Amino acid sequence: MGKPHIRSDEGTAPKGASYSTKSFRAALPEPIRSKGRPAPSSVNPHRLKRRRRARFGRRGKGKVKAVRLIVTGGAGFIGSSFVRHLWRERPDWEIVNLDLLTYAADPESLAAATAASPKHTLVRGDIADADLVQSLFPADAVVNFAAESHVDRSIVKPGLFLRTNVVGTGVLLDAARKFGVGRFLQVSTDEVYGSLGAEGRCSEETPLAPRSPYAASKAAADHLCLSYHHTFGVPALVTRSSNNYGPRQFPEKLIPLLVTNALEGSPLPIYGDGLNVREWLHVTDNCRGILAALERGRPGQVYNLGGGEERTNLEVAGEVLRLLGATAPLIVHVPDRLGHDRRYALDSAKALAELGWRPQFSFGEALAGTVAWYRENEGWWRRIKSGVYREYYARMYPSCVS
Ligand code: NAD
Ligand code: TDX
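Student: So what's going on with the overall build of the protein? Residues and values would help.
Tutor: If you tally the helices and strands in the protein, you get 14 helices and twelve strands. Out of the 402 residues belonging to the protein, those deemed buried represent 45%. At a minimum sequence separation of 6, the contacts of the protein that also span at least 24 residues come to 82%.

In structure tokens form, the structure reads like this:
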């Protein structure tokens, strides 16, 4: 298969690597077996094959049925991008999308996918609601995006992060254990490794050292997933990506906040000295990595998905202003985030070696495409910014509000 088809609203032209479309079933790796359980004394390979097929591709009359996938948080920024990605790349998959539709959700972003693919069902509900979650099974696989995802909000109100990110993930794992799934993929973050100095990168072996309530809740969820694999044989695996950017990101996160503020002619708030470093990954590249891990990753494993492009926050702000041709001195230094992590950087060699994944978008080009998307979709972000967001903004950035 050639290059992925990427619609213009998903970013600018990819750098050019190709992406395999091996089918979910054909690409499945090792048979699922708990690390803790002894291997069967004699394994008949034909039986294994049958068992594997039975788990992943439930059979109809002589025909392998399409995969039934539970996606959680699939109305959020990355989750909805993943659903649209599947709609293009795996159109025969049935997707049950469980999302609480919090402030961060954008169900309209799924309208086109739903219209074009009747196999997508959006269920409004909480991943911590065990009865509801169990009612969605059986399923061939689960991909868990659902989370409270903003570090600043976790500093204001940590409890919600524990409930959704930790308890919610536990409820999903219990259901996966009870009903049996082919894969359980937990979408995680580079933040679980903690803060780096100027040098070095974190590999999957780096000990976790989360430093914000958000990061701690994600680290706890990662540990839970891997413990369910080790203890119960749930075929769980984890991807940890670096900072995502792209169209339809809620304007509380750095890049959409900078772009939309600049479009409004408002100040661009930069925390502290602005020299904190993040590694940027286009959301479509993350979705490609998640699908590759789902299909080709090994249960019990972690895969880092880093964009490979580090920038200080001041560099990002400068680039946004340049792309918009803004001449006014809009950058404003505001008080630093509590416990602000200095730098994140991932070593993503394992994802390249085992999944054949590497990012396709360059930050320069894809940031231009992202900025263009916000410029062309003013209605989308103005609607968000006119609601309760105003109160949030005034609370978080008092010095930027006149
Ligand atoms: P987001 O905040 O845009 O979306 C989160 C989605 O989860 C929303 O649609 C929300 O309604 C839903 N949700 C929240 N609580 C829920 C609950 N209790 N039950 C069901 N649904 C619920 O987040 P995002 O940026 O798309 O991030 C998705 C995942 O990727 C998260 O797990 C996040 O930790 C992880 N991640 C994000 C980034 C990033 O840069 N944004 C980087 C690495 C990892
Ligand atoms: O107004 C701001 N000013 C500012 O200087 C905001 C919102 C952020 N920042 C800084 C803080 C960080 O150094 O920009 C950097 C990026 O901030 P965020 O967009 O809030 O991202 P970050 O805290 O790095 O976390 C993100 O990446 C990892 C996502 O929000 C997480 O969900 C993901 O797990």
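Student: Can you explain the site of ligand 2? Please cite residues and give values.
Tutor: As a structural note, the neighbourhood of ligand 2 is formed by 16 residues, with Thr189, Lys253, Leu254, Tyr271 and Asn276 the closest of them. Of all the elements in the fold, those that place two or more residues in the shell around ligand 2 are helix 8 (254–264) and strand 8 (268–271). Here the residues of the shell around ligand 2 are counted per class, giving six nonpolar, six polar and four charged.

Student: With reference to specific residues and values, describe the nonpolar core.
Tutor: Counting residues in each nonpolar core, the largest one holds 91 residues, and the members touching the most others are Leu69, Phe82, Val142, Val143, Phe184, Leu258 and Ile290. Element by element, the count of residues in this core is highest for helix 7 (residues 213–232), at nine residues. In this structure, Ile290 is in contact with Phe82, Val143, Leu185, Val187 and Thr239, ignoring residues within four places of it in sequence.

Student: Describe in detail the site of ligand 1, supporting the description with residues and values.
Tutor: Taken together, 31 residues surround ligand 1, and among them Gly73, Gly76, Ala104, Ala105 and Ala147 come closest. Counting only elements with at least two residues in the shell around ligand 1, the list comes to helix 2 (77–89), strand 2 (94–99), helix 6 (158–179), strand 5 (183–189) and strand 7 (243–245). Tallied by class, the residues present in the shell around ligand 1 amount to 15 nonpolar, twelve polar and four charged.

Student: Please give an account of the sheet that holds strand 11 (residues 309–312) that cites residues and values.
Tutor: Taken together, the three strands give an open sheet; going across it, the order is 7-9-11, and neighbouring strands pair in mixed fashion. Every other strand in the sheet has two partners, leaving strand 7 and strand 11 as the edge strands with one partner each. Recorded for the sheet is a direction-independent mean angle of 45° between the axes of neighbouring strands. Pairing of strand 9 (residues 277–282) with strand 11 involves four bridges; the strand directions are antiparallel. In the sheet register, Trp280 faces strand 11, and the bridge partner there is Glu309.

Student: If you had to explain the environment of Leu69 to someone new, which residues and values would you point to?
Tutor: Its location among the elements puts Leu69 in strand 1 (residues 68–72). Owing to 28 C-beta atoms within 10 Å, Leu69 belongs among the buried residues under this scheme. Contacts of Leu69, omitting those with residues within four sequence positions, involve Trp93, Glu94, Ile95, Ala139, Asp140, Ala141 and Val143.

Student: How would you summarise unusual backbone geometry if you had to cite specific residues and measurements?
Tutor: A cis amide bond, omega 10°, links Phe137 with the succeeding residue Pro138. Along the chain, Pro138 turns up in the loop between helix 4 (130–135) and strand 4 (141–144). Within the chain, Leu101 stands out as a residue other than glycine whose phi angle is a positive 55°. Mapping Leu101 onto the fold places it in the loop between strand 2 and helix 3 (111–116). The exposure class assigned to Leu101 is partly exposed, which follows from the 13 C-beta atoms found within 10 Å. Phi is positive for Arg248, close to 70°, though the residue is something other than glycine. With respect to the element layout, Arg248 can be found in the loop between strand 7 and helix 8.

Student: If you had to explain the sheet that holds strand 4 to someone new, which residues and values would you point to?
Tutor: Taken together, the seven strands give an open sheet; going across it, the order is 3-2-1-4-5-6-10, and neighbouring strands pair in parallel fashion. The open sheet has two free edges, formed respectively by strand 3 (120–124) and strand 10 (302–305), since each of these has just one partner strand. Recorded for the sheet is a direction-independent mean angle of 20° between the axes of neighbouring strands. Where strand 1 meets strand 4, four bridges bridge the pair, whose relative direction is parallel. Note that in strand 4 the partner of Val71 across the bridge is Val143. Across the sheet, helix 9 (residues 283–296) is in contact with strand 4, strand 5, strand 6 (236–241) and strand 10; its angle to strand 6 comes to roughly 160°.

Student: Before we move on, can you summarise the packing of helix 8 against helix 10 (residues 313–323) with the specific residues and values?
Tutor: One way to put it is that helix 8 packs onto helix 10 with a least axis distance of 10 Å and a crossing angle of 35°. Seen from above, helix 8 lies across helix 10 with right-handed handedness. Touching Leu254, Ile255, Leu258, Val259 and Ala262 of helix 8 are Asn313, Val316, Ala317, Val320 and Leu321, all from helix 10. Split into classes, the residues belonging to the contact of helix 8 with helix 10 amount to nine nonpolar, one polar and no charged.

Student: Break down the pairing of strand 1 for me, with residues and values.
Tutor: Taken residue by residue, a regular strand's side chains alternate between the two faces of the sheet. In terms of burial, strand 1 is largely enclosed, as four of its five residues are buried. As defined by bridge partners, strand 1 adjoins strand 2 across five bridges and the pair is classed as parallel. Residue pairing across strands places Leu69 opposite Ile95, the latter belonging to strand 2. With respect to chirality, the unit in which strand 1 leads through helix 2 into the neighbouring parallel strand 2 is right-handed.

Student: Give a detailed account of helix 9, specifying residues and quantitative values.
Tutor: Taking 1.5 Å of rise per residue, the 14 residues of helix 9 would be expected to cover 20 Å, and the 20 Å separating its terminal C-alpha atoms lies within 8% of that figure. Across the 14 residues that make up helix 9, a large majority, 13, are buried.

Cut-offs applied
- Residue numbers restart at each chain and count upward from 1, following the sequence in its written direction.
- Here the convention is simple: chains get letters from A, ligands get numbers from 1, in the order in which they are written.
- Local features are withheld for residues below a pLDDT of 70 in this predicted model, meaning they are given only at 70 or higher, and side-chain atom pairs are given and counted only at 80 or more; totals for whole chains, interfaces and linings count all residues.
- The secondary structure listing takes helices from DSSP runs of H or I that are at least 4 residues long and strands from runs of E that are at least 2 residues long, numbered from the N terminus.
- Counting other C-beta atoms within 10 Å of each residue's C-beta, where C-beta atoms are placed from the backbone, gives the exposure class: buried for 20 or more, exposed for 12 or fewer, partly exposed between.
- By the criterion used throughout, residues are in contact when their C-beta atoms, derived from the backbone, lie within 7 Å.
- Put plainly, near means the residue's C-beta atom, positioned from the backbone, lies within 6 Å of the molecule or strand in question.
- Nonpolar residues are Ala, Val, Leu, Ile, Met, Phe, Trp, Tyr, Cys and Pro. Charged residues are Asp, Glu, Lys and Arg, and all others, Gly as well, are polar.
- Any set of buried Ala, Val, Leu, Ile, Met, Phe, Trp, Tyr and Cys residues joined through C-beta atoms within 7 Å is what this text calls a nonpolar core.
- Two strands pair under a simple rule: DSSP has to find at least two bridges between them.
- Each axis is a line fitted through C-alpha atoms, taken for helices only over the stretch in contact, and angles between the N-to-C directions span 0 to 180 degrees.
- Left-handed describes a crossing in which the near helix is turned anticlockwise from the far one by less than a right angle; the clockwise case is right-handed.
- The definition of a right-handed crossover adopted here requires that, viewed with the strands pointing away, the path from the first strand over the helix to the second runs clockwise.
- In this analysis, the expected span of each helix is defined as 1.5 Å times one less than the number of residues it contains.

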